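Tertiary structure, described
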Amino acid sequence: DAGVIQSPRHEVTEMGQEVTLRCKPISGHNSLFWYRQTMMRGLELLIYFNNNVPIDDSGMPEDRFSAKMPNASFSTLKIQPSEPRDSAVYFCASSLRQGIDGYTFGSGTRLTVV
Amino acid sequence: QKEVEQNSGPLSVPEGAIASLNCTYSDRGSQSFFWYRQYSGKSPELIMFIYSNGDKEDGRFTAQLNKASQYVSLLIRDSQPSDSATYLCAVNVNNDMRFGAGTRLTVKP
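First things first, this report covers the structure right here in the doc. Worth saying up front: this structure is predicted, and the values here are computed from it rather than measured.

Cut-offs and rules
- Residues numbered from 1 in each chain as written.
- Chains lettered and ligands numbered in written order.
- Predicted model: local features only at pLDDT ≥ 70, side-chain atom pairs only at ≥ 80, totals over all residues.
- Heavy atoms only, no water.
- Salt bridge = Lys/Arg side-chain N within 4 Å of Asp/Glu carboxyl O.
- Buried < 20%, exposed > 50% of the residue type's maximum accessible area, 1.4 Å probe, protein only.
- Pairing = 2+ DSSP bridges.
- Helix = DSSP H or I, 4+ residues; strand = E, 2+ residues; numbered from the N terminus.
- Axes fitted to C-alpha atoms, helices over the stretch in contact; angles between N-to-C directions.
- Contact = heavy atoms within 4.5 Å.
- Buried area = accessible area lost by both parts, 1.4 Å probe.
- Polar contact = N/O pair within 3.5 Å; in protein donor to acceptor, adjacent residues only side chain to side chain.
- Nonpolar A, V, L, I, M, F, W, Y, C, P; charged D, E, K, R; others polar.
- Disulfide = S-S within 2.5 Å.

Another point: the pattern of salt bridges. Residue and element names in this part refer to chain A. For the structure shown, the criterion picks out 15 salt bridges over all chains. We note a salt bridge from R64 to E62, for which the minimum N-O separation is 2.8 Å. In this structure R64 comes out as buried when scored by relative accessible area, which is 9%. Residue classification places E62 among the partly exposed positions, given a relative accessible area of 25%. Its salt-bridge partner being E83, residue R85 comes within 2.6 Å of it at the nearest N-O pair. With a relative accessible area of 55%, R85 lands in the exposed category. One network of salt bridges, with partners in common, ties together E62, R64, E83, R85 and D86.

Have a look at this one:
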């Protein structure tokens, strides 16, 4: 298996622009998670899906953030409009059995908003 | 009080020594416990998990869990420079995985 695949690896955008991050989880994994990592705040859970259904989006910082999972093999995290404080590394992770198995993380997307 | 607490380090040990990484958690309902390794600029990688009190060994790694004390640790025997990384403790409570801030480990040749 190729693991969790994220794209793009790096994204530099101007403030106010829309940013879309993409994730393909490991085939057969039922749970998908979006995390944000910064030096100041560490790893923060933004939202997670079970069987393509959003379960907990309490970590989404603002209405500017939205996430979708249209099918079992694809998810997006969108920021519109982006702001400099959104600059961080965004990780997608998937798990076969949430709560039992650990998570497999993608390589991350390093987002810089200037 | 943070839900999952780790000493941020850096923890520095000489090559060949035992590195001891510690983690405490606040929720007594925590059910499963994980250690992730994160190299600089890379993503977290699962290295150990433990569910029951006691020790669990995997190669040079040993995870230790004491639910009464709400304490989980990771021992790395015969530390190598390649073990230099940040180690994240994660605790699962009702399908909610909570991560500590991580301990940065440096193994000096």
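All names here are of chain B. The 5 strands lie next to each other as β1-β3-β8-β7-β6, forming an open sheet whose pairing is antiparallel. Two strands close off the open sheet at either side, each with one partner strand: β1 (4–6) and β6 (54–58). Across this sheet, the average inter-strand angle for adjacent strands is 20 degrees, counted without regard to direction. Looking at chain direction, β1 and strand β3 (residues 19–25) are connected through 3 bridges and run antiparallel. Directly across from V4, in β3, lies its bridge partner Y25.

Let us now look at the interface of chain A and chain B. Taken together, the 15 residues of chain A in the interface contact 15 residues of chain B. For the chain A and chain B pair, buried surface summed over both sides reaches about 1200 Å², with 52% attributable to carbon and sulfur atoms. Our count for the chain A to chain B interface comes out at 0 salt bridges. The interface formed by chain A and chain B includes 5 residue pairs in polar contact (both at pLDDT 80 or more). With 3 residues, the single largest contributor to the side of chain A that touches chain B is strand β5 (residues 42–50) of chain A. Classifying every residue of the side of chain A that touches chain B gives 8 nonpolar, 6 polar and 1 charged.

The next point concerns the sheet that holds strand β3 (residues 19–24) of chain A. Residues and elements named next belong to chain A. As summarised here, the arrangement of the 4 strands in space is β1-β3-β8-β7, forming an open sheet in which the pairing is antiparallel. Strands at the two margins of the open sheet, each flanked by one partner only, are β1 (5–7) and β7 (65–71). Across this sheet, the average inter-strand angle for adjacent strands is 15 degrees, counted without regard to direction.

Further remarks concern the environment of F99(B). When you line up the elements, F99(B) lands in strand β10 (residues 96–99). On a C-alpha basis, the gap between F99(B) and Y25(B) in space is 9.9 Å, while along the polypeptide they are 74 residues apart. Apart from the residues within four sequence positions on either side, F99(B) is in contact with Y35(A), L43(A), F105(A), V4(B), Y36(B), L88(B), C89(B) and A90(B).

What follows concerns unusual backbone geometry. The amide bond that connects S7(A) to the next residue, P8(A), takes the cis arrangement and shows omega of -10 degrees. One non-glycine residue, Q70(B), lies in the positive phi region at around 55 degrees. Among the residues examined, Q70(B) registers a relative accessible area of 12% and is labelled buried.

Okay, the state of the cysteines next. Per the counting criterion, the structure on display carries 2 disulfides over all chains. The partner cysteine of C23(A) in its disulfide is C92(A), sulfur to sulfur 1.9 Å. Its S-S torsion of approximately -65 degrees makes the covalent link between C23(A) and C92(A) left-handed. Here the residue C23(A) occupies a position in strand β3, and C92(A) occupies one in strand β9 (residues 88–95), the gap between them amounting to 69 residues. On the basis of relative accessible area, C92(A) is assigned to the buried category, the value being 0%. With a sulfur-sulfur separation of 2.1 Å, C23(B) is cross-linked through a disulfide to C89(B). Residues C23(B) and C89(B) are joined through a disulfide that is left-handed, its torsion about the S-S bond being -75 degrees. A residue pair is termed long-range when its members are at least 10 positions apart, and C23(B) in strand β3 and C89(B) in strand β9 (residues 85–93) qualify at 66 residues.

Purely geometric stuff here, so don't read any function into it on its own.
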